[in-house]
Amino acid sequence: MMSIGEFAELTGLSVKALRLYDEQGLLSPVAVDPWSRHRRYSAAQFGHALRLKAARSAGLPLAEAPGLLADDESAAAVLAEHRARLAAERRRQDAALDVLAGLLAEPVRWRTEIRRTQAQHWAGAVLPLTGAEDAQAADERANELFGGLWRRLAEAGNPPTGAFWTTFRAVPGSETEVRVLYCWPVAELPPADWDVESGTLEAGEEMVVRWRFEEDVPVVDGAAHPAVLELVAAAERSGAEVSLDRLRQIGLLDEEGEPVGMEVAVRLTGRADR
């Protein structure tokens, strides 16, 4: 048998790691001196020790180590799952690097314009933003809610009169929580007893920027589209008050009513020259 130092030297595991694996019940010494508490290891433990060493180098979570030390079929499954996670992470990193390269290249020049808008009634549905669900689940939930509102308006003889838009609503009493308000423009406000949001956009000026989905631009994961950021910056330079609840994201539709892009508008209020 070998001392812990000798076993560490032969397997490449540190003494600290061996003590941790002993505490976790992953690789315990075959004997412990009752007086000195010195650990003794056997050559028969090389196999498990090498698996743990390789797993440590591969970044395998310690919580998954028991499966790696079980039968070969379980170990192969643990390895396959970890490979898949690493591949997914690598794809995410490669995508982030491509975005970063795009940010360092020639910047995209976004064209903003100012337009005059007429008063517009709208009806909307509120969707809380929750970090617990993935993007696909959130999109499905939004489509179900938004589509249901469209059908309800149409059945009531007050169908949407144009492209949808979304905006943000802060939650009272919270500095971080927000909700998304999905709106349809309508000819008439829905009845007061409908359990929906509704209101009227006042006539006025707004600054607008737009883009099409087919355009290849670098978008940082988790951040707003760069066109939105440019719009906010341009509005701020004009002296307008800028906040999320002043932004409207409006769907750009083709001749068949299919979404092909977005435009984002911000109301120009509170400017110093007005």
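Up top you'll find the structure we're talking about.
Residues numbered from 1 in each chain as written. Predicted model: local features only at pLDDT ≥ 70, side-chain atom pairs only at ≥ 80, totals over all residues. Heavy atoms only, no water.

**What about the side chain of N158?**
By secondary structure assignment, the location of N158 is in the loop between α6 (135-155) and β6 (165-170). A residue is classified by how much of its surface remains accessible, and N158, at 9% relative accessible area, is buried. A polar contact is formed between the side chain of N158 and the backbone nitrogen of A187, at a distance of 3.5 Å. There is a polar contact of 2.6 Å between the side chain of N158 and the backbone oxygen of E188. In this structure N158 touches L153, V186, A187, E188 and L189, once residues within four positions along its chain are discounted. (Helix = DSSP H or I, 4+ residues; strand = E, 2+ residues; numbered from the N terminus. Buried < 20%, exposed > 50% of the residue type's maximum accessible area, 1.4 Å probe, protein only. Polar contact = N/O pair within 3.5 Å; in protein donor to acceptor, adjacent residues only side chain to side chain. Contact = heavy atoms within 4.5 Å.)

**Digging into the packing of helix α1 (residues 4-11) against helix α3 (residues 46-57)**
Contact geometry of α1 with α3 gives a least axis separation of 10 Å together with a crossing angle of 60°. As judged from the angle between their axes, α1 and α3 are oblique. For the pair α1 and α3, the crossing hand works out as right-handed. Every residue of α3 that contacts α1 at F7, L10 and T11 is listed here: F46, A49, L50 and K53. Among the residues making up the contact of α1 with α3, the classes are represented as five nonpolar, one polar and one charged. (Axes fitted to C-alpha atoms, helices over the stretch in contact; angles between N-to-C directions. Parallel < 35°, antiparallel > 145°, perpendicular 65-115°, else oblique. Left-handed = near helix turned anticlockwise from the far one by under 90°. Nonpolar A, V, L, I, M, F, W, Y, C, P; charged D, E, K, R; others polar.)

**Considering the packing of aromatic side chains**
Evaluation of the coordinates by the stated rule reveals six aromatic pairs. With centroids separated by 4.4 Å and ring planes inclined at 15°, the aromatic side chains of F146 and W184 adopt a geometry described as stacked. A residue pair is termed long-range when its members are at least 10 positions apart, and F146 in helix α6 and W184 in strand β7 (residues 178-186) qualify at 38 residues. Taking relative accessible area as the criterion, F146 reaches 9% and is therefore assigned buried. Above the plane of the ring of W194 lies R152, whose end atom (NZ or CZ) is 4.0 Å from the centre. A cation sits over an aromatic face here: R248 above W165, 4.7 Å from the ring centre. (Phe/Tyr/Trp six-rings, centres within 6.5 Å; stacked < 30°, edge-to-face > 60°. Lys NZ or Arg CZ within 6 Å of the ring centre and 35° of its normal.)

**Some thoughts on unusual backbone geometry**
If you check the backbone angles, R37 has positive phi at about 65° while not being a glycine. Following the sequence through the fold, R37 ends up in the loop between β2 (31-32) and β3 (39-41).

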